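# Topology and contacts: notes
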Amino acid sequence: MVLDKRMLAAFGSRRRRSFAEQELAPSLEWLIRLRWFAGFGVLLGGPLAAWALQLAIPAGPIAVIGAGIVGYNFAFERALRQLCAADPDATGRFEAFVRVQVILDWIALAVLIALTGGAESPTVLFFLFHITIASLLLPEHLGFGFVSLAPLLVVGVALLEYTGALPHIAIASPPRYRDSHFVLASVGAFGFACYGMAYCCRSIARRLQRRESELIGLYEGVRDITSSLELMEVLDRIVETVPRVLGCKAAAIRLLDGAGSQVQFAASAGLSERYCDEVPAEYARSMLDQDTLRDGVVDVPDIGKDARVWHPELVRDEGIASMLSVAILGRGGPLGVLRAYGAPGHRSSADDIAYLRAVAAHGAAAIENAKAFQMLAEIDRDKSRFLRMTTHELRAPVRVTEGLLQTLAAPATGPLHADQRELLTRAQRRLTSLHALIDDLLDLAAGKADMVPLQLAPVMLGDQVREVAERLRGMATEKGLALTVEVSRDELPVWCDPADFDRLVANLVTNAIQYTARGSVNVRVLRHGEGMRVQVGDTGIGIPAEAMPHLFEEFYRAPNAKATGQPGTGLGLAIVRTLVERYAGHIGVTSPEGAGTTITVDLPADVNRSAPVGAC
Amino acid sequence: MARILILDDDPDITFAVSLFLTRQGHEVKTAATRGEGMRALADFQPELLVLDVMIEQPDDGIAMAQELRRNGNRLPIIMLSSVGRVTGMQFDRDDEMVPVDAFFAKPARPEELLAKVEELLARKGSTSCS
């Protein structure tokens, strides 16, 4: 569990720590646990072995060594707890901690060897445990340094005994510590064993680390690739991921055109513009691409020796020596080719192929999703354009009819009896609401139609809000409502189209006035982080909880709003939402039961800097 | 002259229809919901019902006509609808599904609606005489 959390935390962090680094703290716990056995083993096992095997070894000093190991292990355990509590991610301090532990262990072991027969001591083999630990826990250059230390310590002890500088404690009879052949052979064999062991550990660790980096690369790559619905962004992310994980020179995606006759560069990383421009794109002539789409994968380890590379000079000039290509296969057929380019000396492994295929498979899904999204966005734009055009066409006859009815109602046209007048009034009222619906539809379509260039300007929202409030004050006064505007002093100008913002605020304030029978409507404009917040609060009928999820849907009106008998198209809040989205803003609604409604709109000061929005 | 009930949730429609029916000398009552309509059927005892397809729910009018027929009520019903044009649904007179006597798409021309009212009332009168 600890590990999983750490891995996840590392994925989220800016600088990713390697798996081995993250493993350090748990590994140290493990090392300390092991050392309890070693310490107590020496403390009790040494004297026990001396007694059981009748060995002439100094049981007392050995027990002292054991007690020493237990003692410093106790100190290490406490230190580790403190280190973890302070900052579990401080890798540098953990590494220093490992080094101290390894040094102390090795000194203890060297003394133990000296006390148990020097070059003849069977405890020499214990070094192999330590070498395994050091190889796995320490960085590569340090690991091998420590490995060299083990034979040196043993050679040192042997040499000191050989020269008589250190008294020899004999465990074999006759003692052989002065037999130079024996000493050289055992120390030499030990040295080989040390290096062999270290090499094996290192190789396994390195392979695991590489695998880990591939898996993380794949995970992050897939996450990046699938997190966007913009086609170009998806493609760019794929080609940027590949060289990073495979350690190759470059990567590119070439997509088949609709007719299947061209394979054009759609995205590349690490390739020159010249190369991308000059590589021919005819699919019929590119054997490499044809083979890739037929077989799924083509590995060209040496471009000079493969006839399918039909522009070798161009490739060589680019510094490319090898190519690994995989097909990008969509649900409806091949989409194109993903290719990794290797510099001289680069070799592709089976793992590389598997990795590239996995990226291509995920990439295919992401590309198809992005294409589908693009198509939907186009359809939506077409729909909005159509809506705008038809609505616009509707406006003219409605206006004319309004005019005709006004003429009919005018006294100059002649007298009407009461029933006729009532019919006329009803017809006029219906036309007025039709007119409002058309205006709302046009506003909605205008908000959605992002082909209309925005007239972006730095707008002081406070001034705009005051303007809207003045325009609507009559409507509020008629209902006996107080309409107030508060603007904070630290106001930031917001880059937007003033007409859009006017429409947004007018919709919110009109709604608030319409659905408030008594009390007030309050508009506040205040600073919110790097943007501005506009809050429209009222003491009106509020919004029932069941209406909340539908509030911003087109043509939706809350049941209590309908029940008021107020005319409404149900488009006002849909328009507001569209406008807020257009400026990458955020809209929120609170309506505690019986306490009115507050709608909060947050707009970034500069939409271009805050989030990518298609409209801008 | 007859008692006619108009059931429609649009006050402008009930106003306009009741206006010309009243002018023809009929006694008209209006209702805006199905419940109100059922009560008026019992209290007012209309001889003809002008019923909208959509009252509160999209097919409330049809459900009400079916219910009346199930209960053996043979009251002539003229159904008004604007549904077909808006939703693409097609409604027409159908003895099983839409058991009404006449079907008009809104807006119904007053003279046509009047003619149908008179026709149905006359038919009803002759049926009851025989």
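Residues numbered from 1 in each chain as written. Chains lettered and ligands numbered in written order. Predicted model: local features only at pLDDT ≥ 70, side-chain atom pairs only at ≥ 80, totals over all residues. Heavy atoms only, no water.

## Some thoughts on the overall build of chain A
Convention followed: Working definition: helices are DSSP H or I runs of at least four residues, strands are E runs of at least two. Numbering for both runs from the N terminus. Contacts are residue-level and defined by heavy atoms, with any inter-residue pair within 4.5 Å sufficient. Exposure was quantified through the Shrake-Rupley algorithm and a 1.4 Å probe, taking into account, for residues, occlusion by the shown protein chains and nothing else.
Counting its regular elements, chain A contains 18 helices and 12 strands. When contacts within chain A are restricted to residue pairs at least 6 apart in sequence, long-range pairs at least 24 apart make up 66% of them. For chain A, the accessible area works out to roughly 31400 Å², and carbon and sulfur atoms hold 61% of it.

## Quick look at the overall build of chain B
Basically, it comes down to this: Relative accessibility decides the category of a residue: with a 1.4 Å probe and only protein chains considered, values under 20% of the type maximum give buried, values over 50% give exposed, and everything between is partly exposed.
In terms of helices and strands, chain B carries 5 helices and 5 strands. Looking at chain B as a whole, 42% of its 130 residues qualify as buried. Nonlocal contacts in chain B, meaning residues at least 24 apart in sequence, comprise 65% of its contacts between residues at least 6 apart. Carbon and sulfur atoms make up 50% of the accessible area of chain B, which totals about 6900 Å².

## Focus: the interface of chain A and chain B
Applicable threshold: Two parts placed together each lose some accessible area under a 1.4 Å probe, and the buried area is that loss summed for both. By salt bridge we mean one thing: a side-chain nitrogen of Lys or Arg within 4 Å of a carboxyl oxygen of Asp or Glu.
Across the boundary between the two partners, chain A contributes 7 residues, which contact 7 residues of chain B. With both chains or domains summed, chain A and chain B bury close to 650 Å², and 50% of this area falls on carbon and sulfur atoms. A per-residue breakdown of the area chain A buries against chain B is headed by A:Asp419, A:Arg426 and A:Arg430, which together make up 67% of the total. Inspection of the region where chain A meets chain B yields 4 salt bridges.

## Let's talk about the confidence of the model for chain A
Residues and elements named next belong to chain A. Stated precisely, the cut-off is as follows: The predictor reports its confidence for every residue as pLDDT, a score running from 0 up to 100.
Across chain A, the average pLDDT comes to 83, with 92% of residues at or above 70. When mean pLDDT is taken per element in chain A, strand 10 (residues 531-538) scores highest with 95 and helix 1 (residues 2-12) scores lowest with 36. Here residues 610-616 scores under 50 on pLDDT; set against residues more than four positions off or in separate chains, the count is 14 contacts.

## Here's the deal with the sheet that holds strand 5 (residues 333-342) of chain A
Backbone hydrogen bonds hold the strands of a sheet together, and the pairing may be parallel or antiparallel. All names here are of chain A. Our working rule: At least two bridges found by DSSP between two strands is the condition for calling them paired. Lines fitted to the C-alpha atoms define the axes, with helices restricted to the stretch that makes contact. Angles between their N-to-C directions range from 0 to 180 degrees.
Read from one edge of the open sheet, 5 strands run 2-1-5-4-3, paired in antiparallel fashion. With one partner strand each, in any of the chains shown, strand 2 (263-269) and strand 3 (297-300) form the two edges of the open sheet. Sheet twist, expressed as the mean angle between neighbouring strand axes with direction ignored, is 20°. Strand direction decides the pairing type here: strand 4 (residues 322-330) and strand 5, joined by 9 bridges, are antiparallel. Each residue of the ladder has a partner; that of Gly 330, found in strand 5, is Gly 333. Its contacts with the sheet put helix 8 (residues 231-246) on strand 1 (250-256), strand 2 and strand 5, and the angle it makes with strand 1 is roughly 145°. Here helix 10 (residues 287-295) sits on the sheet in contact with strand 1, strand 2, strand 3, strand 4 and strand 5, set at roughly 115° to strand 5.

## Points about a nonpolar patch on the surface
Residues and elements named next belong to chain A. The cut-off we apply is this: The patches reported here contain residues having more than 30% relative accessible area and no salt bridge. Joining distances are 9 Å for like charges and 5 Å for nonpolar side chains (Val, Leu, Ile, Met, Phe, Trp, Tyr).
A cluster of nonpolar residues, Trp 30, Leu 34 and Phe 37, forms a patch on the protein surface that exposes about 340 Å² of accessible area. Following the sequence through the fold, Phe 37 ends up in helix 2 (residues 19-52). Taking the relative accessible area as the measure of exposure, Phe 37 reaches 66% and is therefore exposed.

## With respect to the pattern of salt bridges
Under the definition given, this model contains 37 salt bridges over all chains. One salt bridge in this structure joins A:Arg426 and B:Asp12, with 2.6 Å as the shortest N-O distance. Remark: B:Asp12 occurs in helix 1 (residues 11-23) and A:Arg426 occurs in helix 13 (residues 418-448); the pair is interchain, linking two chains. The residue B:Arg123 makes a salt bridge to B:Glu119 at a minimum N-O spacing of 3.1 Å. Within this pair, B:Arg123 and its partner B:Glu119 are both found in helix 5 (residues 110-129), separated by 4 residues, close to a single helical turn. Salt bridges linked by common partners bring A:Asp291, A:Arg294, A:Asp295, A:Asp306 and A:Arg308 together as one network.

## Observations concerning unusual backbone geometry
Even without being glycine, A:Phe555 reaches a positive phi, approximately 70°. By the element assignment, A:Phe555 lies in the loop between strand 10 and helix 16 (559-563). With a phi close to 50°, B:Gln45 is a non-glycine residue in the positive phi region. Turning to its location among the elements, B:Gln45 is positioned in the loop between helix 2 (34-44) and strand 3 (48-52). Residue class for B:Gln45 comes out partly exposed when judged on its relative accessible area of 48%.

## Quick word on helix 3 (residues 60-70) of chain B
All names here are of chain B. All buried positions along helix 3 are accounted for by Asp 60, Gly 61, Ile 62, Met 64, Ala 65, Leu 68 and Arg 69. Its buried side turned inward, helix 3 meets strand 1 (3-7), helix 2, strand 3 and strand 4 (77-81). Positive backbone phi, at 80°, marks Gly 72, one or two positions downstream of helix 3.

## Considerations on the packing of aromatic side chains
Residues and elements named next belong to chain A. The test is simple: Ring geometry is summarised as follows: Phe, Tyr and Trp rings, the Trp one being its six-membered ring, pair when their centres sit within 6.5 Å, and such pairs are stacked at plane angles under 30 degrees, edge-to-face over 60 and tilted between the two.
By the definition in use, this model includes 8 aromatic pairs over all chains. Here Phe 127 and Phe 190 contribute two aromatic rings whose centre-to-centre distance is 5.9 Å and whose plane-to-plane angle is 50°, an arrangement assigned as tilted. Note that Phe 127 is positioned in helix 5 (residues 126-137) and Phe 190 in helix 7 (residues 180-226), a separation of 63 residues in sequence. Under the relative-accessibility criterion, Phe 127 is labelled buried at 0%. Of the residues examined, Phe 190 reaches a relative accessible area of 5% and is grouped as buried. Every member of this aromatic cluster is reached through a ring pair, and the members are Tyr 72, Phe 76 and Phe 97.

## Structural notes on the packing of helix 2 of chain B against helix 3 of chain B
Residues and elements named next belong to chain B. As a reminder, the rule being used: Roughly parallel covers angles under 35 degrees, roughly antiparallel covers those over 145, roughly perpendicular covers 65 to 115, and oblique covers all other angles. Here a crossing is taken to be left-handed if its near helix is turned anticlockwise relative to the far helix by less than a right angle, and right-handed if that turn runs clockwise.
Interhelical geometry of helix 2 versus helix 3 gives an angle of 30° and a closest axis separation of 11 Å. Taken together, the axis directions place helix 2 and helix 3 in an arrangement best described as roughly parallel. In this structure, the crossing between helix 2 and helix 3 has a hand that is right-handed. On helix 3, the residues touching Arg 34, Gly 37, Met 38 and Leu 41 of helix 2 are Asp 60, Ala 63, Met 64, Glu 67 and Leu 68.

## Topic: the sheet that holds strand 2 (residues 27-31) of chain B
Residue and element names in this part refer to chain B. The sheet built from 5 strands is open, its strands ordered 2-1-3-4-5 with parallel pairing. Every other strand in the sheet has two partners, leaving strand 2 and strand 5 (102-105) as the edge strands with one partner each. Sheet twist, expressed as the mean angle between neighbouring strand axes with direction ignored, is 20°. As judged from the 5 bridges shared by strand 1 and strand 2, these two strands associate in the parallel manner. Note that in strand 2 the partner of Ile 4 across the bridge is Val 28. Lying on the sheet, helix 1 is in contact with strand 1, strand 2 and strand 4; it crosses strand 2 at an angle near 170°.

## Regarding the nonpolar core
All names here are of chain A. Operational definition: Grouping buried Ala, Val, Leu, Ile, Met, Phe, Trp, Tyr and Cys residues that are joined through side-chain atoms within 4.5 Å yields what is termed a nonpolar core.
Counting 47 residues, the largest nonpolar core has Trp 106, Phe 127 and Ile 131 as its most contacted members. Every element with two or more residues in this core is listed here: helix 2, helix 3 (59-86), helix 4 (91-115), helix 5, helix 6 (140-163) and helix 7. Per element, the largest residue contribution to this core is 11 residues, and it comes from helix 4. Core analysis: the second largest hydrophobic core is formed by 46 residues, Leu 508, Ala 512, Val 523 and Leu 573 among them.

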